[in-house]
Amino acid sequence: MDTNDSLFERARQSIPGGVNSPVRAFGSVGGAPRFMKKAQGPYMWDEDGKRYIDYIGSWGPMILGHNNPEVIRAVHEAVDMGLTFGCATQREILIAEEIKKLIPSIEEVRLVSSGTEAGMSAIRLARGYTGRNKIIKFEGCYHGHSDSLLVKAGSGMLTFGNPSSAGVPAGVTEHTLVLEYNNPEQLKEVFEQYGDDIACVIVEAVAGNMNMVPGKPEFIHAMRELCTQYGALLIVDEVMTGFRVALQGAQSLYGVTPDITMFGKVIGGGMPVAAFGGRRDVMEKIAPCGPVYQAGTLSGNPVAVACGLKTLQLIQEPGFYERLSQQTKKLVEGLTAAAKEAGVAFCAQSVGGMFGLYFLDKCPEGFNDVMKSDTKRFNVFFHSMLDQGVYFAPSVFEAGFVSIAHTDEVIEETIKAAKVAFAKVAAM
Ligand SMILES: *Cc1c(COP(=O)(O)O)cnc(C)c1O
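Residues numbered from 1 in each chain as written. Predicted model: local features only at pLDDT ≥ 70, side-chain atom pairs only at ≥ 80, totals over all residues. Heavy atoms only, no water.

## Quick look at the overall build of the chain
A tally of regular secondary structure across the chain gives 14 helices and 17 strands. At 21 Å, the chain has a C-alpha radius of gyration in line with the 22 Å of a compact globule built from 428 residues. In terms of overall dimensions, the chain has C-alpha extents of about 55 × 55 × 50 Å along its principal axes. By residue count, 56% of the 428 residues in the chain fall in the buried class. With an accessible surface of roughly 18100 Å², the chain has 52% of that area assigned to carbon and sulfur atoms. (Helix = DSSP H or I, 4+ residues; strand = E, 2+ residues; numbered from the N terminus. Rg over C-alpha atoms; globule rule 2.2 N^0.38 Å. Buried < 20%, exposed > 50% of the residue type's maximum accessible area, 1.4 Å probe, protein only. Areas by Shrake-Rupley, 256 points an atom, 1.4 Å probe, with all protein chains shown as cover.)

## Let's talk about the packing of helix 13 (residues 375-387) against helix 14 (residues 408-426)
Put simply, helix 13 and helix 14 touch, their axes get as near as 9 Å, and they point 140° apart. Taken as axis vectors, helix 13 and helix 14 run oblique relative to one another. Crossing of helix 13 against helix 14: the hand is right-handed. Where helix 13 approaches helix 14, its residues Arg377, Val380, Phe381, Ser384 and Met385 are matched on the opposing element by Thr414, Ala417, Ala418, Val420, Ala421, Phe422, Lys424 and Val425. Residue composition of the contact of helix 13 with helix 14, by class: nine nonpolar, two polar and two charged. (Axes fitted to C-alpha atoms, helices over the stretch in contact; angles between N-to-C directions. Parallel < 35°, antiparallel > 145°, perpendicular 65-115°, else oblique. Left-handed = near helix turned anticlockwise from the far one by under 90°. Contact = heavy atoms within 4.5 Å. Nonpolar A, V, L, I, M, F, W, Y, C, P; charged D, E, K, R; others polar.)

## A few points about the side chain of Ser395
With respect to the helices and strands, the residue Ser395 is situated in the loop between strand 16 (390-391) and strand 17 (400-401). Only 2.9 Å separates the side chain of Ser395 from the backbone nitrogen of Phe397, close enough to count as a polar contact. In this structure Ser395 touches Ser28, Val29 and Phe378, once residues within four positions along its chain are discounted. (Polar contact = N/O pair within 3.5 Å; in protein donor to acceptor, adjacent residues only side chain to side chain.)

## Structural notes on the site of the ligand
The immediate surroundings of the ligand are formed by Ser114, Gly115, Thr116, Tyr142, His143, Gly144, Glu204, Asn209, Asp237, Val239, Met240 and Lys265. Gly115 is positioned with one of its backbone polar atoms (N or O) 2.8 Å from an oxygen atom of the ligand. A distance of 2.6 Å is found between an oxygen atom of the ligand and a side-chain nitrogen or oxygen belonging to Lys265. When the ligand is considered free in solution it has 380 Å² of accessible area, and contact with the protein chains removes 82% of it. (Near = heavy atom within 4 Å.)

## With respect to the side chain of Ser148
Tracing the sequence through the fold places Ser148 in the loop between strand 5 (134-138) and strand 6 (159-160). Its relative accessible area of 11% is what places Ser148 among the buried residues. Once you skip the residues sitting within four places of it in the chain, Ser148 turns out to touch Ile123, Arg127, Ile135, Val172, Thr173 and Thr176.

## Here's the deal with the pairing of strand 5
Burial analysis of strand 5 places five of its five residues in the buried class, which makes it a mostly covered element. Because side chains alternate across strand 5, one face comprises the buried residues Lys134, Ile136 and Phe138, and the other comprises Ile135 and Lys137, equally buried. Both strand 5 and strand 8 (residues 198-203) contribute to a ladder of three bridges, which runs parallel. Residue pairing across strands places Ile136 opposite Val201, the latter belonging to strand 8. Summarising the sheet, strand 5 and strand 7 (residues 176-179) pair through four bridges and their orientation is parallel. Across the sheet, the residue bridging to Phe138 is Leu179, located in strand 7. (Pairing = 2+ DSSP bridges.)

## Remarks on the layout of surface pockets
Quantified by volume, the second largest pocket comes out at close to 660 Å³. Sorting elements by how many residues they give to the lining of the second largest pocket places helix 3 (residues 90-102) first, with five residues. Grouping the constituent residues of the lining of the second largest pocket by class yields 14 nonpolar, nine polar and seven charged. (1 Å grid on protein atoms, 1.4 Å probe; cavity = no way out; pocket = protein on both sides within 12 Å on 5 of 7 lines; lining within 4 Å. Points joined across faces, edges and corners; volume = space filled by probe spheres on them.)

## What to know about the packing of aromatic side chains
With the rule as written, the count across this model stands at 21 aromatic pairs. Where Tyr55 meets Phe392, the ring centres are 5.0 Å apart and the plane angle is 20°; that geometry is what we call stacked. Highlighted residues: Tyr55 in the loop between strand 3 (51-54) and helix 2 (69-80) and Phe392 in the loop between strand 16 and strand 17, separated in sequence by 337 residues. Like Phe392, Tyr55 is buried. (Phe/Tyr/Trp six-rings, centres within 6.5 Å; stacked < 30°, edge-to-face > 60°.)

## Overview of the state of the cysteines
One pass over the structure, following the stated rule, counts one disulfide. Sulfur-sulfur distance for the disulfide between Cys347 and Cys363 comes to 1.8 Å. In this structure the cystine formed by Cys347 and Cys363 twists about its S-S bond by roughly -70°; its chirality is therefore left-handed. Taken together, the residues span a long stretch of sequence, with Cys347 in strand 14 (residues 347-351) and Cys363 in the loop between strand 15 (354-358) and helix 12 (367-371) at a distance of 16 residues. In this pair, the class of Cys347 matches that of Cys363, namely buried. (Disulfide = S-S within 2.5 Å.)

## Thoughts on empty space enclosed by the protein
This structure, assessed with the given rule, holds two cavities of 30 Å³ or more. Each pocket or cavity is described by its volume, and for the largest cavity that value is around 90 Å³. Along the walls of the largest cavity sit Tyr55, Asn211, Phe355, Leu357, Phe378, Phe392, Ala393, Ser395, Val396, Glu398, Ala399 and Gly400, which together make up its complete lining. Residue composition of the lining of the largest cavity, grouped by class: eight nonpolar, three polar and one charged. Estimates place the volume of the second largest cavity at around 60 Å³. Around the second largest cavity sit Gly41, Pro42, Asp54, Gly57, Met62, Gly65, His66, Arg244, Phe401, Val402, Ser403 and His406, which together line it. Its residues placed into classes, the lining of the second largest cavity shows four nonpolar, six polar and two charged.

Below, the structure written as structure tokens:
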């Protein structure tokens, strides 16, 4: 019988690194990634038959837990009607209306198949709308892997166009300005200098791709004001936070109105659906209404949309987000107490159904703080938890996710395992 180890060996013969997305590899924690076979509620089972409590939730989408029966039924019904038509369908209107109802800043919305596409399209739209070139992003924020967004900054310095991936010409990223997260003063200075040529600011209001770092309200509000003052568009990337930190997304927590919002992950409920939407006058610059080209063979795929639509309906049940937030809070509080008891420097925090765990004395405020995380301690913690059947993201730089299927019993089992793991860390 194939085991995780032998499957990994075999996978590496035919797939680069054995994985189809690098975060799935155990590059930073070591060992063979687990090959999953099935999942139900808060659990996943690997090819060896071992059960795990899942705190990744497919990196965010599985907010209802795995294999929700109503979602699965909606998908089955859609499959029976045909996989794809390449034509307009009624359900696309229903999901657009649902998104508009939940997110007041959206007047029109276009569906795509991944967050990467949403980000790439939103940037093109902002440039097309404003007729400007420069875009501002922040250190540690991820907006998908399109060329002009694959830039990181050198330790808090303002950099122009240093691509952080091979294969991206400097010419493609020369208009990308990378600034410090949670630094409104720097943002203001850059607007004063380049304001006339800034097309947009793109941000994760609660950053979830450098572990989790909530934006400071004054930072988010400053960027809204500066964008308005200088005629730039504000793009809030809610691919991770949308329908995750709150029913109305991170923008509702900050009381900020973006010009364009990106969605992904939860919006597809486990199928490839993402979206970007916003002000009508901006969205109508897109083809076929306007001159900004954007398209997709499988955009608005009927099976994927059925899955996303049912998910968006189910998360609107009364008390859903109160319970999700409460369970996530129980988890971070339990872990924090267990670490303290073991004498391990540790901090944890949550926003809605999303959380960050840090092997740090205090919770981080930006990229530089996150970079100080104790990777060795994290790796010992991670592997001990994994051995005990608890699956956290295999990196100190990833956020974690709780689903509505994570019951008290599941959280308690996790904390019990964490006591063992923290004792191992303390003994290092
Ligand atoms: C996951 C993510 C993306 C990219 O989405 P994909 O569907 O993986 O292309 C973009 N932005 C944020 C904030 C994300 O978390």
